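Residues per chain, in single letters:
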Amino acid sequence: MKKIVLSCASFVLKVFRNFKLLVIKSRLGGCGKDVVIAFPCKLSKPQNVFLSDYTLIQPNTTFIMNNGCVRVGKWSVIASNCTLITDNHIPSVGVNHRMLGRYHINDKVKDIILEEDCWAGAGVTLMSGAILRRGSIAAAGALVNKEVPPYAVVAGVPAKIIASVFSLEQILEHESYLYPEQERMSKEELSVLFEKYYVGKKAIGASYLSQESINETKRHASMQFKVFS
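Residues numbered from 1 in each chain as written. Predicted model: local features only at pLDDT ≥ 70, side-chain atom pairs only at ≥ 80, totals over all residues. Heavy atoms only, no water.

Description of the sheet that holds strand E13 (residues 119-120)
If you trace the seven strands from one edge of the open sheet to the other, you get E2-E5-E8-E13-E16-E19-E20, paired in mixed fashion. Two strands bound the open sheet, and with one partner strand each, they are strand E2 (36-37) and strand E20 (160-164). Across two bridges, strand E5 (residues 56-57) lies against strand E8 (residues 77-78) in parallel orientation. Opposite Ile 57, over in E8, you have Ile 78 as the bridge partner. (Pairing = 2+ DSSP bridges. Helix = DSSP H or I, 4+ residues; strand = E, 2+ residues; numbered from the N terminus.)

Right, dumping it as structure tokens:
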């Protein structure tokens, strides 16, 4: 009897969560296919959030916004306990902080953007104007308040570049799996990128996948341009 009750309770909880997810998705400014939002998730202005295909929002993520927007590109992940704040308050003569924040007086508003295949690690704070360009990673606990170049790894408060995600050659291979040819970064573009940001910095990514991992990517082959043959 106990097993039946637990099974029924589990089923009801699953139905409730799926219904809640559908409701939240319907209130977003835009929502692609196979988007996952794990609860709890706090959205002060869901209509200002735009999630592309295959994006993932992990539990305890908080979106704090009034007029700004958050735009998340396909395959990007916002990990647990992240905070995104699009509206920044400017200390203003004659106005106390309670009024500044509560009534959005003299706000400085900039959108937050995560392009394709980005990863905001656990506990990351993305401030007004933060941009994670394609393939970049914000390490756990980082505070990002400006643009991060493609395939950069940033860490710290405020966040600074500490590594590249992949080597130039690895990026070329990586993009051949994720994007059709016309959408890929060229070798020339990447050479400029590496000369500007990654001289003397290591690449943290790996090229090797176990057979188990390869099999798992094949199970989800529809999620990107191609997978291992």
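After presenting the structure, the write-up continues.
Considering helix H4 (residues 187-197)
Among the residues of H4, Leu 190, Leu 193 and Phe 194 are the ones counted as buried. The arc that holds the buried residues of H4, viewed along the axis, is 95°, so those residues lie on one side. The exposed set on the far side of H4, more than 90 degrees from its buried face, consists of Glu 188, Val 192, Glu 195 and Lys 196. Residues of H4 that are buried in the fold lie against E20 and helix H3 (168-178). (Buried < 20%, exposed > 50% of the residue type's maximum accessible area, 1.4 Å probe, protein only. Arc of directions from axis to C-beta. Contact = heavy atoms within 4.5 Å.)

Describing the packing of aromatic side chains
Applying the stated criterion across every chain yields a total of five aromatic pairs. Ring centres of Phe 194 and Tyr 198 lie 5.0 Å apart, and the angle between their planes is 75°; on these two criteria the pair is classed as edge-to-face. A single burial state applies to Phe 194 and to Tyr 198, both of which are buried. Above the face of the Phe 50 ring, Arg 71 is positioned so that its terminal group lies 4.4 Å from the ring centre. (Phe/Tyr/Trp six-rings, centres within 6.5 Å; stacked < 30°, edge-to-face > 60°. Lys NZ or Arg CZ within 6 Å of the ring centre and 35° of its normal.)

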